[in-house]
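# Notes for the structure review
Now for the letters of each chain:
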Amino acid sequence: MNIKIIYQNSQIYLKKVFFIIGEQKKKLVFISFIFFINALLDLFGITLLLPFITFAFNVTDENFPLLENLINLFINYKLDPIYFTGILLVIVFIAKAIISILSKYLITKYCYDLQVFIKVRLMNNYSSMEYTKFIKKDSSDYIFNVVNLTGQFSGSVVQTLLQSSSNLLVVFAITTILFISNPLTFLFICLFLLSFIFLYDSIFGKLMKRFGQIANLSTTIKIKAVGEFFNGFKQNYSLNTFSYFTNTVEEEAVKISNSMSLKESITVIPRYIIETLFVVGLVSSVLILLNYNSDPSSFLPSFSLFAFSAIRLIPIASSLTNMISLLRYGKNSVDRLHDDLSLHNSVKNNTINRNHTLETISQFSSCSLKDVCFSYPGSDKKVIEKLNIDFKFGELTGIVGPSGSGKTTIVDLIMGLLSPTSGEILYDGKVNHDLNRIFSSISYQPQDPFVINSSIKANITLGVSSHEVNKERLYESLKIAKLSDFISSLPNGVDTEIGQFGSKLSGGQRQRLGIARSFYFDRKIMIFDECTSSLDNESENEIMNYLVSLKGKVTIIIITHNVNNFKYFDKVYSLENVHPNKNEKIN
């Protein structure tokens, strides 16, 4: 491959890595300093090794003339060179061991802290994405990125880069001594290592990149299948379709297993090849020198120096070779994280602030859609065209129509999740409304209300720390939602656990739980999307009668296809039998 292209690709890769790391780059300064100290200690350790052997065996090395000056120095100061260099050598290696352990701790700690930072950054980005972009991906993609990909990035990419940076400094220190001792041998070793790294990357580089793509894609599919396995447990049980999801998980797990097995095997190849070749070279050198030199002790210092250097350089050389493979393996992680963290566009240009303490609309009077048209990006089909609807404070308004008529799209437009292709949405007669206040004044309740596997209190005060819960507002919300009698009958009251998906509550109770949540957060506009379609007639009538009792207190918008509910509404907008959607008002 062209060296210029390799350089450019490396630059792009590193720019993406530093973009993902973000403000955590500041912590790298101290870590780099520790790397430098570690390299210096390696340099001192190997530098001291040569005079120690020289003094211990009473030999000299013509390849290292500085030794003679060092010997004269010890003679002038009347120091015992063997004990002095020996003790100093031990001190240096103890210090090096301590610094090496500290270096490993700092790298590991930094990578785990980085995982936390990226996870939070991803979650914040996802919460502020444009809704049209958000719905393009399956939730399993987002889950995989947050749960798995951050770990892979910090482990396979960042930790590899940091460890390699540390190793490169050590290599520089050691090779400096080798070059001074024997330049020709040094150049030969460098040429061999560079050739080996290039050959290794040429053979396995693309393969490692492919393994990374397979592992990430298969893990995403596996997470999706596991989620569907449990989320649809009742349906899968009744239809006996568990095997479909089990087979999917097995198939993807096998792909991951095969990819990871080959990846791990490939990464150990350099170590054993380099180790073997170094030993062959070392033995060959000794045999050659013995044939041309009658006194083996004369090259003992140099031999010891290269032997010790080899012990340090073999694992480092293997690690540096692996670095290229691991960085290629992690390229898919870098690309995916970079793409998702580059998404700065949120609902209405990142102006929505999702904070429970946001000011709500104090005097909401109306919401009007004027000649609103909407098409999804990349599509010419108009989901809504020339739509005109008015919602007044205190009214109970119904929107009816068949599937695909645009009912849920209208809800998304009202909530600010979508922006009209043309036309205007006015709140209290204003087009340039404050989206923060609008968003924090609307509650949305789908057919199956969102609940978490926790207590009733935690579900109503969703996202609020237990010590910050306003108990007065909590119990007032329960009273308004007509849940007080039910709560009082429970041994643990509001601390009662509701189970996964609210399995310990009835459908009507889950709906009331959602209503209580809306009142706890003081929502002025309550939107119900097919909220009674899964209930029996008795429960549906009970909920509808309750919503009627709220008229005048809040604005209620109900999306439904049930014409029997018309009697409860102040007005109904029908989207039926109309194309384009020229809505008609039914009084």
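Just so we're clear, the structure is a prediction, and the values are computed from it rather than from any experiment.

### What about the overall build of the chain?
Across its full length, the chain carries 18 helices and nine strands. Looking at the chain residue by residue over its 587 residues, the buried ones come to 45%. For the chain, contacts bridging at least 24 residues in sequence account for 79% of all contacts bridging at least 6. Summing over all exposed atoms, the chain offers an accessible surface of approximately 31100 Å²; the carbon and sulfur share of this is 60%.

### Brief notes about the pattern of salt bridges
Counted under the stated rule, the structure contains 10 salt bridges. In this structure, Asp113 engages Lys109 in a salt bridge whose closest nitrogen and oxygen atoms are separated by 2.7 Å. Within this pair, Asp113 and its partner Lys109 are both found in helix H4 (residues 81–127), separated by four residues, close to a single helical turn. Among the ionic pairs, Lys255 bridges to Glu252, the shortest N-O distance being 3.6 Å. Here the residue Lys255 and the residue Glu252 both occupy positions in helix H9 (residues 242–292), the gap between them amounting to three residues, near one helical turn. Lys255 gets classed as partly exposed once you look at its relative accessible area, which sits at 36%. According to the relative accessible area criterion, Glu252 is buried, its value standing at 5%. Put simply, Lys16, Lys331 and Asp335 are held in one network by salt bridges that share partners.

### Things to note about the pairing of strand E8 (residues 571–574)
A two-sided burial pattern is seen for E8, the buried positions comprising Lys571 and Tyr573 on one face and Val572 and Ser574 on the other. Of the pairings in the sheet, the one linking strand E3 (residues 396–400) to E8 comprises four bridges and is parallel in character. By the bridge assignment for E8, Ile399 is matched with Tyr573.

### Quick word on the packing of aromatic side chains
Summed over all chains, the structure comprises six aromatic pairs. Centroid distance Phe374 to Tyr376: 4.8 Å. Interplanar angle 85 degrees. Geometry classified as edge-to-face. Overall, the relative accessible area of 3% leaves Phe374 in the buried class. With a centroid separation of 5.2 Å and 85 degrees between ring planes, the pair formed by Tyr520 and Phe521 is classed as edge-to-face. The pair Tyr520 / Phe521 is uniform in exposure class, with both members buried. Here a set of aromatic residues connected by ring pairs shows up, and it is made of Tyr126, Phe134 and Tyr142. The ring of Phe19 carries the charged tip of Arg121 above its face, separated from the ring centre by 5.0 Å.

### Section: unusual backbone geometry
In this model, Asp371 sits at a positive phi of 50 degrees, which is unusual for a non-glycine residue. For Asp371, the location among the structural elements is in strand E1 (residues 366–374). On the basis of relative accessibility, which here comes to 39%, the residue Asp371 falls in the partly exposed class. Of note, Lys386 is a non-glycine position whose phi angle comes to about 55 degrees, a positive value. Tracing the backbone through its elements, the reader meets Lys386 in strand E2 (residues 384–392).

### Focus: the sheet that holds strand E4 (residues 422–427)
Strands sit in the order E2-E1-E4 across an open sheet of three strands; the sheet is antiparallel. With partners counted over all chains shown, the strands left at the sheet margins are E2 and E4, one partner each. Mean inter-strand twist for the sheet, computed between neighbouring axes without regard to direction, equals 5 degrees.

### Here's the deal with helix H15 (residues 471–480)
When H15 is considered as a whole, its buried residues turn out to be Leu474, Ser477 and Leu478. Angular distribution of buried residues about the axis of H15 spans 100 degrees; they occupy a single face of the element. Seen from the open side of H15, the exposed residues pointing more than 90 degrees away from its buried face are Glu472 and Lys479. The distance from a side-chain oxygen at the start of H15 to the backbone nitrogen of Glu472 is 3.2 Å, and the residue carrying that oxygen is Asn470. In the stretch just after H15, Lys482 is the one whose phi turns positive, near 55 degrees.

### Overview of the nonpolar core
Of all hydrophobic cores here, the largest spans 38 residues; its most connected members are Ile118 and Phe153. Of all elements in the fold, only helix H1 (3–21), helix H2 (28–57), H4, helix H6 (139–181), helix H10 (300–329) and helix H11 (331–341) reach the threshold of two or more residues within this core. Ignoring anything within four residues of it in the chain, the contact list for Phe153 reads Val17, Ile20, Ile21, Leu114, Ile118, Val158, Val334 and Leu337. Counting residues in hydrophobic clusters, the runner-up holds 36 residues, among them Leu505, Leu513, Ala516 and Val554.

### A word on a nonpolar patch on the surface
Taken together, the side chains of Ile82, Tyr83, Phe84, Ile87, Leu88 and Ile91 make up a nonpolar region of the molecular surface, amounting to roughly 580 Å² of accessible area. In this structure, Tyr83 sits in helix H4. The class of Tyr83 is exposed, set by a relative accessible area of 58%.

### Regarding the confidence of the model for the chain
Summing up the model confidence of the chain, the mean pLDDT is 78 and the portion of residues at 70 or higher is 81%. For residues 345–360, every residue scores under 50 in pLDDT, and the model assigns this stretch 44 contacts once sequence neighbours within four places are set aside. Contacts from residues 577–584, a stretch scored under 50 in pLDDT, to residues over four places away or in other chains number 19 contacts.

### Re the pairing of strand E7 (residues 555–560)
The buried count for E7 comes to six of six residues, which makes it a mostly enclosed element. Burial along E7 is two-sided: Thr555, Ile557 and Ile559 facing one way and Ile556, Ile558 and Thr560 facing the other are all buried. Bridge count for E3 against E7 is five bridges, and the pairing is parallel. Across the sheet, the residue bridging to Thr397 is Ile557, located in E7. Strand direction decides the pairing type here: strand E6 (residues 525–529) and E7, joined by five bridges, are parallel. Pairing of Ile527 across the sheet is with Ile557, part of E7.

### Here we look at the side chain of Lys263
In this structure, Lys263 sits in helix H9. Judged by relative accessible area, which is 7%, Lys263 ranks as buried. Excluding residues that lie within four positions of it along the chain, Lys263 makes contacts with Met208, Phe211, Leu326 and Tyr329.

### Looking at the side chain of Ser103
Along the chain, Ser103 turns up in helix H4. For Ser103, a relative accessible area of 4% corresponds to the buried category. Contact partners of Ser103, with chain neighbours within four places excluded, come to Ile34, Phe35 and Ser166.

Definitions and cut-offs
- Residues numbered from 1 in each chain as written.
- Predicted model: local features only at pLDDT ≥ 70, side-chain atom pairs only at ≥ 80, totals over all residues.
- Heavy atoms only, no water.
- Helix = DSSP H or I, 4+ residues; strand = E, 2+ residues; numbered from the N terminus.
- Buried < 20%, exposed > 50% of the residue type's maximum accessible area, 1.4 Å probe, protein only.
- Contact = heavy atoms within 4.5 Å.
- Areas by Shrake-Rupley, 256 points an atom, 1.4 Å probe, with all protein chains shown as cover.
- Salt bridge = Lys/Arg side-chain N within 4 Å of Asp/Glu carboxyl O.
- Pairing = 2+ DSSP bridges.
- Phe/Tyr/Trp six-rings, centres within 6.5 Å; stacked < 30°, edge-to-face > 60°.
- Lys NZ or Arg CZ within 6 Å of the ring centre and 35° of its normal.
- Axes fitted to C-alpha atoms, helices over the stretch in contact; angles between N-to-C directions.
- Arc of directions from axis to C-beta.
- Polar contact = N/O pair within 3.5 Å; in protein donor to acceptor, adjacent residues only side chain to side chain.
- Core = buried A, V, L, I, M, F, W, Y, C linked by side-chain atoms within 4.5 Å.
- Patch = residues over 30% accessible without salt bridge, like charges linked within 9 Å, V, L, I, M, F, W, Y side chains within 5 Å.
- pLDDT = per-residue confidence, 0-100.

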